[in-house]
Amino acid sequence: MKAISARIILIIFAALLCGWVFLQLKIICQMDVLLQSNNIHTSTSNVAAAADGRRRGRLRKGSNEGNKDLLQMESRLSSRLKKRVTSCRKQRLSSDQTEELMDNRHDGFPGILVQREEHEKDDSFSTDLNVQVMENKHLQRFDQCDVKCIVETHRGANVLHEYVYGTPWRLTTSVEGEQYYPQTLTIGKDDWKRNQFYGTTSFRSEIPRTYLDLNTTNLQSPGVDFSTAIKGASFLAKNCNSLNNREAVVIELMNSSFRVDSLSRCLNNAEPPEGVNMQNKSEIMGKYLFHLAFENQNTNDYITEKLWQTLESGTVPVYLGAGNVKDHHLPSNSVIYVSDFSSITDLAKYLVEVASNETLYNTYHLWRTQPLPKAFRDKYFPVSGDTHCRICRWAHARKYGLGWDHQTQSIKPTTLSRDVCIDEATALLHSPAVESWWEGDGGRLWSLPVKVEASHPNETTSLCPLNEEKKVAITKDVFRYVWSNDGVTDILLEGEPQKDLILRLDFPMKQHEPVYHFSADTVWIQDDKSRITLVIVAAVDRAARLIRRVQSGSLDIQVRKDSLPLRIRVIIEDLDLLHDGAKKMTMYYGQVMADDLRKPLELFTLVDESMAVVDLEQSVQESAPKEQRPTPIRPSRVLDRAALIEESARRKAMVSSWYKRHQKKKKKNVT
């Protein structure tokens, strides 16, 4: 016996060891795919996709953001041991295929392929991304939506955790009541700050979900026939352990003079009417004058099919549940609310009265022949239909800093225009701000005349929107460039001014809060709807100190002799009006575009087994001989794709050379 037991233990141990080894090999294999994709992306896709994306007016994420995505994927993979890809054999793509996949992911809108502001359609997916979606059971693409996206879904018990592919935002979605899942579905005040969002029955969630779809449900079906219907109420429920103790209310009604037939497992006291199908609840309800539409909890906004199916069946619901049900603007005199009565005894007496008076009973059906209240339709039509299409739209608006109408669940253009327009006679901006130049002496300012040679000297024409870079000489030794990309306005100042100048930007936002200095290079002004952010990268420290407020909506930027070259980015976005405290924090779009200006092009790679992210380009700049350092690519110039790929390859070779020398030095130091 001892020998047999020892063999069994040995076999179990060997099986566990094999399973552990197999699991480790799978994780290593998956990480190798991720690393391979990342290295190829940093070699050519980053620089080329950045300029190509800018040329098409797309939001460029940048390599820094890309590595964050990769590290987030790696972290989730290692912590939960979930499959991100199917198998190494299926996912082992060629270099060209992987480059195409990563270019599709990082060039333009990562993971959300959309109709952008310019209404430029982009409804294509790379072949390899199609393969990945088909083979990964967690990924699902939504081509049928007006804004297309891919959603990664992880299922739990009646609760889903969903990610819009390419974003850091997690949406916890469910149609269950939060009292049964308080740890998961309760919306915390600061959850949004941690990229946690919700799609629940609560209308406070980002993507409200309901049990009513007005597109498919006919609430105004004919009412039941008073003369033939049973003069009482039906009750259907399997759960006899409700959180609101609805069973006690049903029992008290049963003990009154009012008839209640409980036809399901909970509190069963009657057989169903002859000839009805017990699988068809609407048919059962339609046999009675009333139906007890009692929820299993009293949670705001948690209104289930118990109410909607009762109305659709043609009978009158007696409702117990959501405390704010009247805020949902149901048709007047369509529901009898338990909360309207001081006691269940009073409720029973009223139900008996209505059941014995045909005229009074029929008043509860008058609404069926009238249009549904506008407030009711405005509340429920926007949240009817496909939830995932609303998720795609919401993510797109948040990603691009666009307006999001929470009530209508739709994207709005920004309140302030992002169009970049110039006066062709002067080449100065007049949208999104009116640009003027000044010089001063002893506290006095006077305007500088700026004029270019116009093609029609007798006409004042406007170039709007601006689709190319425009250069103008402010003085004989100061030049200003302006261009538009990704929904922002970029201004570059170069030269060697003989005296200090003032650039004045007059924005259409006349009533706003005080200028807020967010950081050493960033300030913003905002009202109750919009935010205008100015990011300044200059040759001096704390460049934001160059900005002065003159009057409402006008900002002066000091152009000093020691501050050039100077880059200014104007970012316009709508405020997040749904979340408390959002007006005092940076938003995703503004942060991405500010970071993009500070570090327009970088090369990152993953080195060592610790997965540490190292800025190799900075190391090259510091260690390489001056004549071998990469030539900076000025962000005001958009090179053609071939030139950028060549430049990227040269930089990669330099990085590889530096890394090999670094490893040799490391080995020498160890020995």
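Participant: A description of the pattern of salt bridges should follow, citing residues and the corresponding values.
Facilitator: This structure, assessed with the given rule, holds 20 salt bridges. For the salt bridge of Asp-143 with Arg-141, the shortest nitrogen-to-oxygen distance reads 2.7 Å. Residue classification places Asp-143 among the partly exposed residues on the basis of a relative accessible area of 34%. Between Glu-468 and Lys-470 there is a salt bridge, and its shortest N-O distance comes to 3.6 Å. Residue Glu-468 is classed as partly exposed on the basis of its relative accessible area, which comes to 46%. Using a relative accessible area of 24% as the deciding quantity, one classes Lys-470 as partly exposed.

Participant: Got a sec to walk through the state of the cysteines? Specific residues and values, please.
Facilitator: Across all of its chains, the model carries four disulfides by this definition. In this model, Cys-149 is linked to Cys-392 through a disulfide, with the two sulfur atoms separated by 1.9 Å. What sets the handedness of the Cys-149 and Cys-392 disulfide is the S-S torsion sign, and at about -55° it is left-handed. Note that Cys-149 is positioned in strand β2 (residues 149-155) and Cys-392 in helix α13 (residues 387-400), a separation of 243 residues in sequence. A relative accessible area of 0% places Cys-149 in the buried class. On the basis of relative accessibility, which here comes to 0%, the residue Cys-392 falls in the buried class. Here Cys-421 pairs with Cys-464 through a disulfide, and the sulfurs are 1.9 Å apart.

Participant: Tell me what's going on with a nonpolar patch on the surface, and back it up with residues and numbers.
Facilitator: A contiguous nonpolar surface patch, about 300 Å² in accessible area, is contributed by Ile-8, Ile-12 and Leu-16. Here Ile-8 lies in helix α1 (residues 2-55).

Participant: Account for the packing of aromatic side chains, with residues named and values stated.
Facilitator: Evaluated as defined, the whole model comprises 16 aromatic pairs. Put simply, the rings of Trp-169, Phe-197, Trp-394 and Tyr-588 pair up and form one aromatic cluster. Cation over ring: Lys-379 sits above Phe-203, and NZ or CZ is 4.1 Å from the ring centre. Against the face of Trp-169 rests Arg-398, its NZ or CZ located 5.6 Å from the ring centre.

Participant: Describe helix α9 (residues 305-313), and please don't skip the residues or the numbers.
Facilitator: Residues Leu-307, Trp-308, Thr-310, Leu-311 and Ser-313 constitute the buried set of α9. As for α9, its buried residues are in contact with α8 (281-285), β8 (288-294), β9 (316-320) and α12 (374-380). Of the residues one or two after α9, Gly-314 is the one with positive phi, at around 100°.

Participant: Please provide a residue-by-residue account of the side chain of Gln-196, values included.
Facilitator: With respect to the secondary-structure elements, Gln-196 resides in strand β5 (residues 196-199). Gln-196 gets classed as buried once you look at its relative accessible area, which sits at 12%. Looking at Gln-196, its side chain comes within polar contact range of the side chain of Thr-172, at 2.9 Å. Filtering out sequence-adjacent residues up to four positions away, Gln-196 remains in contact with Arg-170, Leu-171, Thr-172 and Asp-191.

Participant: Break down the nonpolar core for me, with residues and values.
Facilitator: In terms of nonpolar packing, the biggest core is built from 37 residues, with Trp-437, Leu-505, Phe-507, Ile-532, Leu-534, Ile-557 and Ile-568 touching the most fellow members. Judged by nonpolar contacts, the second largest core, of 29 residues, contains Ala-233, Phe-235, Val-260 and Cys-266.

Participant: Could you give me a rundown of the pairing of strand β19 (residues 478-485), with the residues and numbers involved?
Facilitator: Extensive coverage of β19 is indicated by the burial of six of its eight residues. By the bridge criterion, five bridges tie strand β18 (residues 470-475) to β19 in an arrangement that is antiparallel. Looking across to β19, one finds that Thr-475 is bridged to Val-478. Two successive antiparallel strands, β18 and β19, enclose a turn made up of two residues. Here β19 runs beside strand β20 (residues 488-495); their pairing, made up of eight bridges, is antiparallel. Note that in β20 the partner of Val-478 across the bridge is Gly-495.

Calculation notes
All residue numbers here refer to positions counted from 1 along the written sequence of the relevant chain. Predicted model: local features are reported for residues with pLDDT of at least 70 only, side-chain atom pairs are reported and counted for 80 or more only, and whole-chain, interface and lining totals are derived from all residues. For side-chain calculations, the full set of non-hydrogen atoms in the structure is used, while hydrogens and water are omitted. A side-chain nitrogen of Lys or Arg and a carboxyl oxygen of Asp or Glu constitute a salt bridge if their distance falls within 4 Å. Per-residue accessibility, obtained with a 1.4 Å probe over protein chains only, is compared with the maximum for each type, and a residue is labelled buried under 20%, exposed over 50%, and partly exposed between these values. The disulfide definition used here is simple: a pair of cysteine sulfur atoms within 2.5 Å. Only DSSP runs of H or I covering at least 4 residues are called helices, and only runs of E covering at least 2 are called strands; the numbering of each starts at the N terminus. Nonpolar side chains (Val, Leu, Ile, Met, Phe, Trp, Tyr) within 5 Å and like charges within 9 Å form the patches, drawn only from residues with over 30% relative accessible area and no salt bridge. Residue burial considers only the protein chains on display, and all accessible areas are found by Shrake-Rupley using a 1.4 Å probe. Each aromatic pair joins two rings of Phe, Tyr and Trp (for Trp, the six-membered one) with centres within 6.5 Å, and gets the label stacked for planes under 30 degrees apart, edge-to-face for over 60, and tilted for any other angle. Note on criteria: charge over ring means Lys NZ or Arg CZ within 6 Å of the ring centre, with the direction from the centre no more than 35 degrees off the ring normal. It only takes one pair of heavy atoms within 4.5 Å for two residues to be counted as in contact. Polar contacts, as used here, are pairs of N or O atoms within 3.5 Å; protein pairs need one atom able to donate a hydrogen and one able to accept it. Residues neighboring in sequence count only if both atoms are side-chain atoms. Here the nonpolar core consists of buried residues drawn from Ala, Val, Leu, Ile, Met, Phe, Trp, Tyr and Cys, with membership extended through side-chain atoms lying within 4.5 Å. Being paired, for any two strands, means DSSP has found at least two bridges between them.

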